Amino acid sequence: MNKTWKDVLQGQLPEDWAREIDNFEAQMLLRKQGKIEEKVFAETRLRRGTYGQRYDNGKRHDGIASQTLVYPTPSTKGPETLWDAPGMTRIKIPFGGMNPEQMRVMADLAEEYSDSICHVTTRQDIQLHYTHIEDAPSLFRRLAAVGITTKEACGNSVRNVTACPLAGVCHTESFDVTPYAKAIAFYLLGHPDTQDFGRKFKIAFSGCKHEACALVSMHDLGGIGVTKVVDGVTKRGFELYIGGGLGAVPHQAKLVEEFLPEEELLPYSRAVGRVFARLGEKKNRNKARVKFLIQKLGIEEFKKLVHAELASMPEDPSWRRYFDEIPKFEEKPAFAGVQLNGAKRPDGYDGWAATNVYRQRQSGFATVTVHLPLGDLSSDQMRKLADVTHRYASDHARLTVEQNVVLRWVPENKVPALYEELKRIGLGLGGAGTIVDVTSCPGTDTCKLGIASSRGLAGELRTRLAEKAANLDAAVQGLRIKVSGCFNSCGQHHVADLGFYGNSRNVGGYTVPHFQVMIGGKWRENGGSYALAIGSVPSRRIPDVVDRLTDRYVRERQGPESFQAFCARVGKKDLKAMLDDLTKVPPHQVAPEYYSDWGDPREFTIGDLGVGECAGEVVSLSDFGFTDAESKAFEAQLLLDDGHYKKAEALAYDAMLTAAKTLVQLQFLDVPNTPDAIVGEFRARFVEPKLFWHAQHHGQFANYLFARHADGPDVRYTRDTAAKLVEEANLFIDAAHQAHAKWRASLSVANVAAVPPTIAKDGLKPAAGTPDVLSPAGASADA
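Residues numbered from 1 in each chain as written. Predicted model: local features only at pLDDT ≥ 70, side-chain atom pairs only at ≥ 80, totals over all residues. Heavy atoms only, no water.

**Q** Break down the sheet that holds strand S7 (residues 97-98) for me, with residues and values.
**A** Strand order in the open sheet formed by five strands is S7-S18-S19-S16-S15, and the pairing between neighbours is antiparallel. On the outer flanks of this sheet lie S7 and strand S15 (357-359), each paired with one strand and no other. Strand direction decides the pairing type here: S7 and strand S18 (residues 397-399), joined by two bridges, are antiparallel. Note on S18: the bridge partner recorded for Met98 is Ala397. Helix H12 (residues 379-392) contacts strand S16 (365-370), S18 and strand S19 (405-411) of the sheet and is inclined by roughly 25 degrees relative to S19. (Pairing = 2+ DSSP bridges. Helix = DSSP H or I, 4+ residues; strand = E, 2+ residues; numbered from the N terminus. Contact = heavy atoms within 4.5 Å. Axes fitted to C-alpha atoms, helices over the stretch in contact; angles between N-to-C directions.)

See the structure below:
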């Protein structure tokens, strides 16, 4: 029998990661059997980084009409999302840090499970497109074996934590923020207090306030490293910002703490998560980001709530484990730093080095940017780049939010040879961080929300600009262009000098692809200000928009005037007027090219638009809890069938504990995660009040848990003893569902104000000062 990756990697994965992947595999089987609701499974797979992709509803418009795509399996993996339809896998790379071993595995996965393309995103993730959900468990295990997870890469969760790619080597940083980004990423990963969000939550860290770094201003939570002298000692801390975000309604993050000592960062972030989970919007996902909660409450009131939470929330000593790793973090070079001095330079080197090489603060070392057009590199290129990273960069590579890769700790005298190597593998392009380095989201290539082809336009712009890059004015070379396929700003068009997002217009009965033109966004100062819209222009005329605006900037620029200052001085009205003629669309018979999009020969349509999975449905904690319990019981049955009686028995017991905890959390969200605490609270809150009670069998099903908890496992571990507990676990979970229904019914017998004060609404934290109780007013607000 052929070995699976589960067999091959046995014992090589972190135990908790391995268990979670096994659980997801069980949930896949349950979903195919129709035993998990598709909405719940959709959010479950999203939290594993397994995303939907364009056309996954089985429909594709051919430019004339919508055609049906036939897939072999009738099952679905979410609402209107077919099981066999290709999807996307998003892979979290905290602070963008990768080593050669991880890069080689990524190359293999892209080659074996995807289209052989590793796509670097604007949040330092890697995305693999055209993946099949059946391959997900193997893909997850292979990543986990090299320390990478997809957990919570999507869904209503804490997304990848980003950081400045120059952190630790930058000349102007306060200190290296890398270990802090790593600590918070893994501390909050799967943390119980971050599981009940109404929408996603993004975190970023910068070491400098004046540079772009990690674009703190546009994040839900962002920290800028600062120092402060206290009693003659220099202490590290963070200028902390909350409530930023782009999307259709962009918000600048607000300063919440001028100096948060480093040791308070992890508890503070947990308190923020608890406040957001308790008070954030859950019904209207368009208003569910934390920026809207802060807009509603005000930053001072939000700050008061966080401080109250810090004082009252249950102790969680686990943060110390992550914090204590911070001082141990050290990135070392394997080579001595040697300056380039008069070493011979190959042809083309000087132009490339001018944009792609950064001299580190450590003498004799450089950080080299590998420019990836549209953020893509092939499996073969990734594999060879891993070798280059080992030979030249001491195994230190990082992804950037501009969709590139940087190689750190390269001795300056080795940079020319590195340049030659990069050219040989097709990665020797210059122009990194210039107007040629256009950023783009996937757009209509793969995204269900894409309206216009962002990648098509970005590719056209970079081709045209690259052809004349050598003759561009220096002020224009330093501008940034960013393109999104829709208003959601995944391409970060709001912080670009020239930003574009896809939309459409109806002209003469035809739908014509357009892009909204955004001008004057501020990249520096961590995304210091957002661009302003000046009008929608047909997609085919956007290159002309770029030419006109940049030409006028060069002609009329006053001294060292920035593009933002130029736009403010000239004015939105005047700049819009100079583009008015470009907004006109010729009749279809005169210029049919206007009616198709860049890189797509089809007649343009928005018929392929689907329902996005950017955050997924809001699924209650109890739905997740019961699904988790059922998955464990199912997996216990599989273990039983395979003869693993001891493991089956332990997992069946765990399944009952999970179901019991799910019930307890309806009333006591912060129940300690220990068997004694769960069983005790379950007995007091559900069995003794006869909420967990069967009219005929009375407390029999509860006794299954009580007996196993009191007596421990039957150490004979025979098939019969294990099978008995597996069967009891399934009966217990069924009874838990009934108890949940009974509990919910008890809330609606009278009005909400009559809810007994000892019962908390599903998934909500008790009111401050009464740790086990939700006030009736709190229940009413969420009803």
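On we go.
**Q** So what's going on with the sheet that holds strand S9 (residues 126-131)? Residues and values would help.
**A** Strand pairing in a sheet relies on backbone hydrogen bonds. The paired strands run either parallel or antiparallel. Read from one edge of the open sheet, five strands run S1-S6-S9-S8-S17, paired in antiparallel fashion. Each edge of the open sheet carries a strand with a single partner, namely strand S1 (50-51) and strand S17 (376-378). Bridge analysis of strand S8 (residues 117-120) against S9 gives two bridges, and the strand direction is antiparallel. Across the sheet, Val120 pairs through a bridge with Ile126, a residue of S9. Helix H4 (residues 100-113) rests against strand S6 (87-91), S8 and S9 of the sheet, and its axis sits at about 20 degrees to S9.

**Q** Explain empty space enclosed by the protein to me, using residue names and the numbers behind them.
**A** If you roll a probe as big as a water molecule over the atoms, it shows you where there is empty space left. Enumeration according to the criterion identifies seven cavities of 30 Å³ or more in this entry. Size it by volume and the second largest cavity reaches roughly 70 Å³. Looking at the second largest cavity, the residues that line it are Leu691, Phe692, Trp693, His694, His698, Gly699, Phe701, Ala702, Ala735, Gln738, Ala739 and Lys742. The element best represented in the lining of the second largest cavity is helix H24 (residues 719-748), accounting for four residues. Residue composition of the lining of the second largest cavity, grouped by class: seven nonpolar, four polar and one charged. (1 Å grid on protein atoms, 1.4 Å probe; cavity = no way out; pocket = protein on both sides within 12 Å on 5 of 7 lines; lining within 4 Å. Points joined across faces, edges and corners; volume = space filled by probe spheres on them. Nonpolar A, V, L, I, M, F, W, Y, C, P; charged D, E, K, R; others polar.)

**Q** If you had to explain the packing of helix H2 (residues 15-32) against helix H20 (residues 621-641) to someone new, which residues and values would you point to?
**A** The N-to-C vectors of H2 and H20 enclose an angle of 90 degrees; their axes lie 8 Å apart at closest approach. Relative to H20, the element H2 is oriented roughly perpendicular. Here Asp22, Asn23, Ala26, Gln27, Leu29 and Leu30 of H2 come into contact with H20, specifically with Thr627, Asp628, Glu630, Ser631, Lys632, Phe634, Glu635 and Leu638. (Parallel < 35°, antiparallel > 145°, perpendicular 65-115°, else oblique.)

**Q** Tell me about the pattern of salt bridges, residues and numbers included.
**A** Side-chain pairs of opposite charge can arise whenever the charged atoms involved come near each other. In this structure the tally under the stated criterion is 55 salt bridges. Two residues, Lys6 and Asp22, come together in a salt bridge whose shortest N-O distance is 3.4 Å. Of this pair, Lys6 sits in helix H1 (residues 5-8) while Asp22 sits in helix H2, placing them 16 residues apart in sequence. Taking relative accessible area as the criterion, Lys6 reaches 31% and is therefore assigned partly exposed. Using a relative accessible area of 17% as the deciding quantity, one classes Asp22 as buried. For Arg142, the salt bridge is made with Glu112, and the minimal N-O distance between the two is 2.8 Å. (Salt bridge = Lys/Arg side-chain N within 4 Å of Asp/Glu carboxyl O. Buried < 20%, exposed > 50% of the residue type's maximum accessible area, 1.4 Å probe, protein only.)

**Q** Residue-level account of the environment of Asn284, with values.
**A** Tracing the backbone shows Asn284 in the loop between helix H7 (265-279) and helix H8 (290-297). Residue classification places Asn284 among the partly exposed positions, given a relative accessible area of 33%. Measuring from C-alpha to C-alpha, the distance between Asn284 and Gly198 comes to 8.5 Å, with 86 residues separating the pair along the chain. A polar contact of 3.0 Å, which involves the side chain of Asn284, links it to the backbone nitrogen of Asn286. (Polar contact = N/O pair within 3.5 Å; in protein donor to acceptor, adjacent residues only side chain to side chain.)

**Q** Let's hear about the nonpolar core: which residues, and what values?
**A** Formed by 62 residues in total, the largest nonpolar core has its most connected members in Met106, Leu385, Leu407 and Leu422. Counting residues per element, this core draws most heavily on H4, at seven residues. Setting aside residues up to four positions removed in sequence, Leu422 forms contacts with Trp352, Val368, Val370, Leu385, Leu427 and Gly428. Counting 51 residues, the second largest nonpolar core, distinct from the first, contains Cys213, Ile242, Leu305 and Val306. (Core = buried A, V, L, I, M, F, W, Y, C linked by side-chain atoms within 4.5 Å.)

**Q** Talk me through the packing of helix H17 (residues 542-556) against helix H18 (residues 563-570); I want residue IDs and the actual numbers.
**A** Each pair of packed helices can be summarised by the angle the axes make with each other and by the distance between the axes. Viewed as axis vectors pointing N to C, H17 and H18 meet at an angle of 90 degrees, and their least axial separation amounts to 11 Å. One way to sum up the angle between H17 and H18 is to call them roughly perpendicular. Along its contact with H17, which presents Leu549, Arg552, Tyr553 and Glu556, the element H18 presents Phe563, Phe566, Arg569 and Val570. Taken together, the residues of the contact of H17 with H18 break down into five nonpolar, no polar and three charged.

**Q** Hey, could you go over the side chain of Thr178 for me, with residue numbers and the actual values?
**A** Structurally, Thr178 can be placed in helix H6 (residues 178-188). By relative accessible area, which is 0% here, Thr178 ends up buried. Looking at Thr178, its side chain comes within polar contact range of the side chain of Arg398, at 2.9 Å. Leave out the neighbours within four places in its chain, and Thr178 touches Phe95, Ala167, Phe329 and Arg398.

**Q** Quick one: what's the story with the packing of aromatic side chains, residue by residue and with numbers?
**A** Counted under the stated rule, the structure contains 25 aromatic pairs. Ring geometry for Tyr180 against Phe238: centres 5.1 Å apart, planes inclined by 75 degrees, an arrangement best described as edge-to-face. Separated by 58 residues along the polypeptide, Tyr180 in helix H6 and Phe238 in strand S13 (residues 233-242) bring together distant segments of the chain. For Tyr180, a relative accessible area of 1% gives the class buried. Among the residues examined, Phe238 registers a relative accessible area of 0% and is labelled buried. Three or more aromatic residues joined by ring pairs make a cluster, and in this case those are Phe24, Phe41, Trp83 and Phe140. One residue, Arg90, lies across the ring of Tyr51, its end atom 5.0 Å from the ring centre. Positioned above the aromatic ring of Phe335, the side-chain terminus of Lys414 is 5.1 Å from the ring centre. (Phe/Tyr/Trp six-rings, centres within 6.5 Å; stacked < 30°, edge-to-face > 60°. Lys NZ or Arg CZ within 6 Å of the ring centre and 35° of its normal.)

**Q** I'd like to hear about the side chain of His371, residue by residue, with values.
**A** The residue His371 is located in the loop between S16 and S17 in this model. Judged by relative accessible area, His371 falls into the buried class, the value being 1%. At 2.8 Å, the side chain of His371 forms a polar contact with the backbone oxygen of Gly430. Those residues in contact with His371, other than ones at most four positions away along the chain, are Asn356, Asn404, Leu429, Gly430, Gly431, Ala432, Val436, Asp437 and Arg462.

**Q** Give me unusual backbone geometry: which residues, what numbers.
**A** With phi around 45 degrees, Cys213 is a residue other than glycine that occupies positive phi space. Residue position: Cys213 is located in the loop between strand S11 (201-206) and strand S12 (221-230). Residue classification places Cys213 among the buried positions, given a relative accessible area of 12%. Phi at Leu215 takes a positive value of approximately 60 degrees, unusual for a residue other than glycine. If you trace the backbone, Leu215 turns up in the loop between S11 and S12.

**Q** Can you tell me about the confidence of the model for the chain, naming the residues and giving the values?
**A** Per-residue confidence for the chain gives a mean pLDDT of 89, with 94% of residues at or over 70. For residues 750-783, every residue scores under 50 in pLDDT, and the model assigns this stretch 64 contacts once sequence neighbours within four places are set aside. (pLDDT = per-residue confidence, 0-100.)

**Q** Please set out the environment of Arg104 residue by residue, giving values where relevant.
**A** Within the secondary structure, Arg104 sits in helix H4. Each C-alpha atom of the pair Arg104 and Lys384 lies 8.4 Å from the other, and the pair is 280 residues apart in sequence. Every residue in contact with Arg104, bar those within four places of it in the chain, is listed here: Ala386 and Asp387.

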